[in-house]
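Now for the letters of each chain:
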Amino acid sequence: MKIERAARAVEEAERTLWTGRRVLVAQAAVLAGLTLLLLVKEVPGMIREIKIYRMTGGLRAARQHP
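What counts and how
- Residues numbered from 1 in each chain as written.
- Predicted model: local features only at pLDDT ≥ 70, side-chain atom pairs only at ≥ 80, totals over all residues.
- Heavy atoms only, no water.
- Helix = DSSP H or I, 4+ residues; strand = E, 2+ residues; numbered from the N terminus.
- Buried < 20%, exposed > 50% of the residue type's maximum accessible area, 1.4 Å probe, protein only.
- Lys, Arg positive; Asp, Glu negative; His and termini not counted.
- Charge placed at Lys NZ, Arg CZ, Asp CG, Glu CD.
- Expected span 1.5 Å × (residues − 1).
- Bend = angle between axes of the 7 residues up to and from the residue.
- Patch = residues over 30% accessible without salt bridge, like charges linked within 9 Å, V, L, I, M, F, W, Y side chains within 5 Å.
- Areas by Shrake-Rupley, 256 points an atom, 1.4 Å probe, with all protein chains shown as cover.
- Salt bridge = Lys/Arg side-chain N within 4 Å of Asp/Glu carboxyl O.

1. Considerations on the overall build of the protein chain
Link 1 in the chain: On a plain count of helices and strands, the protein chain comes out with 2 helices and 0 strands.
Link 2 in the chain: Summarising its shape, the C-alpha atoms of the protein chain cover approximately 85 × 20 × 10 Å along the three principal directions.
Link 3 in the chain: Looking at the protein chain residue by residue over its 66 residues, the buried ones come to 6%.
Link 4 in the chain: Side chains of the protein chain give 12 positive and 6 negative charges; the mean places of these two sets differ by 14 Å.

2. Focus: helix α1 (residues 2-55)
Link 1 in the chain: If you check α1, its first and last C-alpha atoms are 77 Å apart, about what 54 residues at 1.5 Å a residue would give, namely 80 Å.
Link 2 in the chain: Of all the bends in α1, the largest measures some 40° and sits at V43, one to four residues before the proline P44.

3. Brief notes about a nonpolar patch on the surface
Link 1 in the chain: On the surface, L36, L39, V40, V43, M46 and I47 cluster together into a nonpolar patch covering about 530 Å² of accessible area.
Link 2 in the chain: As for its placement among the helices and strands, I47 is situated in helix α1.
Link 3 in the chain: Residue classification places I47 among the partly exposed residues on the basis of a relative accessible area of 43%.

Put into structure tokens, the structure is as follows:
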């Protein structure tokens, strides 16, 4: 009887562990998706900022215009 109860407890713990892993994987997938979405949304703004930086001379501007 005690062995059966212990075996049942181990099975329940394994099921809980597996569920916990699934939850963690799902959370990681959601976080990765949101990060990718944010990156894709911000790419046009980053490109615009890079163009402005290049038009103003970038690091060379300090030497050209003291």
